[in-house]
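Each chain, written out:
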Amino acid sequence: MGNVKAERATRRDRRSSRWDEHRRARREQIVDATVAAVGRCGAGVGMEEIAAEAGTSKTVVYRHFADRSELYVAVCARVAGQLTGRLRAATTGTDHPRGMLAAAVETYLAFLEADPELYRFVVAHPFLDRPVDADPVSTLSDLVGDQAAALVASTLERAGRDPAAAAPWGHGVVGMVRSAADWWLRADRPMPRADLAAHLTDLAWTGLSGLLPRTPSPTEETT
């Protein structure tokens, strides 16, 4: 009798596991469809367009996401993961603080320029029709700010300096870059991305270079 119960429990567990895997995969597909629909229809995309992109109905979409807010948060999580991953990869190519700053600014702007409607969708909160545990945009800014702060802290610690100021400096730089990037998109990109990246890097480095320990640039190291 005990073996029969154990077998039944095992079958239930397997069915539950298969359903969980199917549900996770289907949610990812719907997020993919949402990103594609935003790219095609713009940041004001509706649930009808998203369902059509997913090849299903709104009823099925709501079977996997409780409401529009939950879907919006899932899209923001996808964007946050992609952006932070690219920033991490971009800043590992050099140990020089200015080089890391320039790479991070360029990567951030390139990410926005590659899909400006997706960025507008994220920052405009079009699907937030109820309070959520955490504002996804603030969470994204915090994640990027934390990465910047970690880079500053590492530079300070290598020089034997107190890293306490790393958090406000890192988050301050990110706030400046985000504000300028928002203006750039609203103004329909009045200058090339490379120029904007250079201007923001120069401005941020002018402030940071007087505060961070001096590190020889790659050019100085080879002369």
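How each quantity is defined
Residues numbered from 1 in each chain as written. Predicted model: local features only at pLDDT ≥ 70, side-chain atom pairs only at ≥ 80, totals over all residues. Heavy atoms only, no water. Helix = DSSP H or I, 4+ residues; strand = E, 2+ residues; numbered from the N terminus. Buried < 20%, exposed > 50% of the residue type's maximum accessible area, 1.4 Å probe, protein only. Contact = heavy atoms within 4.5 Å. Areas by Shrake-Rupley, 256 points an atom, 1.4 Å probe, with all protein chains shown as cover. Axes fitted to C-alpha atoms, helices over the stretch in contact; angles between N-to-C directions. Left-handed = near helix turned anticlockwise from the far one by under 90°. Nonpolar A, V, L, I, M, F, W, Y, C, P; charged D, E, K, R; others polar. Expected span 1.5 Å × (residues − 1). UniProt positions renumbered as here; feature names shortened; annotations may be inferred. 1 Å grid on protein atoms, 1.4 Å probe; cavity = no way out; pocket = protein on both sides within 12 Å on 5 of 7 lines; lining within 4 Å. Points joined across faces, edges and corners; volume = space filled by probe spheres on them.

- As annotated in an unreviewed UniProt entry, the protein carries the name TetR family transcriptional regulator and comes from Geodermatophilus tzadiensis.

Let's talk about the overall build of the protein
Piece 1. A count of helices and strands for the protein gives ten helices and zero strands.
Piece 2. Traced from its N-terminal end to its C-terminal end, the protein shows the element sequence α-α-α-α-α-α-α-α-α-α.
Piece 3. The buried share of the protein, reckoned over its 223 residues, is 37%.
Piece 4. Once local pairs closer than 6 in sequence are excluded, the contacts in the protein between residues at least 24 apart make up 70%.
Piece 5. Surface accessibility of the protein: about 12,200 Å² in total, with carbon and sulfur atoms responsible for 53%.

Here we look at the packing of helix H5 (residues 97-114) against helix H8 (residues 166-186)
Piece 1. Packing of H5 against H8 brings their axes to within 11 Å, and their N-to-C directions diverge by 35°. Considering how the two elements wind past one another, H5 and H8 form a crossing that is right-handed. Packed against H5, whose contacting residues are Leu101, Val105, Tyr108, Leu109, Leu112 and Glu113, the element H8 presents Val173, Val177, Arg178, Ala181, Trp184 and Leu185 at the interface.
Piece 2. Residues belonging to the contact of H5 with H8 are distributed by class as follows: ten nonpolar, no polar and two charged.

Describing helix H7 (residues 136-158)
Piece 1. Here H7 spans 33 Å end to end across 23 residues, near enough to the 33 Å set by a 1.5 Å rise per residue.
Piece 2. One or two residues past the end of H7 sits Gly160, with phi positive at roughly 75°.

A word on the UniProt feature "DNA-binding region" (unreviewed entry) in the protein
Piece 1. As recorded in UniProt, the feature "DNA-binding region" (unreviewed entry) lies at residues 46-65.
Piece 2. This span, residues 46-65, is 75% helix and 0% strand, and a straight line between its end C-alpha atoms measures 15 Å.

A word on the layout of surface pockets
Piece 1. Of the pockets and cavities examined, the largest pocket occupies roughly 400 Å³.
Piece 2. Met100, Leu101, Ala104, Ala148 and Leu151 are, among the 23 residues lining the largest pocket, the residues nearest its centre.
Piece 3. Mapped by element, the contributors of at least two residues to the lining of the largest pocket are helix H4 (68-90), H5, H7, H8 and helix H9 (193-208).
Piece 4. Of the voids in this model, the second largest pocket is the one considered here, and its volume is about 230 Å³.
Piece 5. Val79, Leu83, Phe111, Leu112 and Tyr119 are, among the 19 residues lining the second largest pocket, the residues nearest its centre.
Piece 6. If you list the elements that add at least two residues to the lining of the second largest pocket, you get H4, H5, helix H6 (116-124), H7 and H8.

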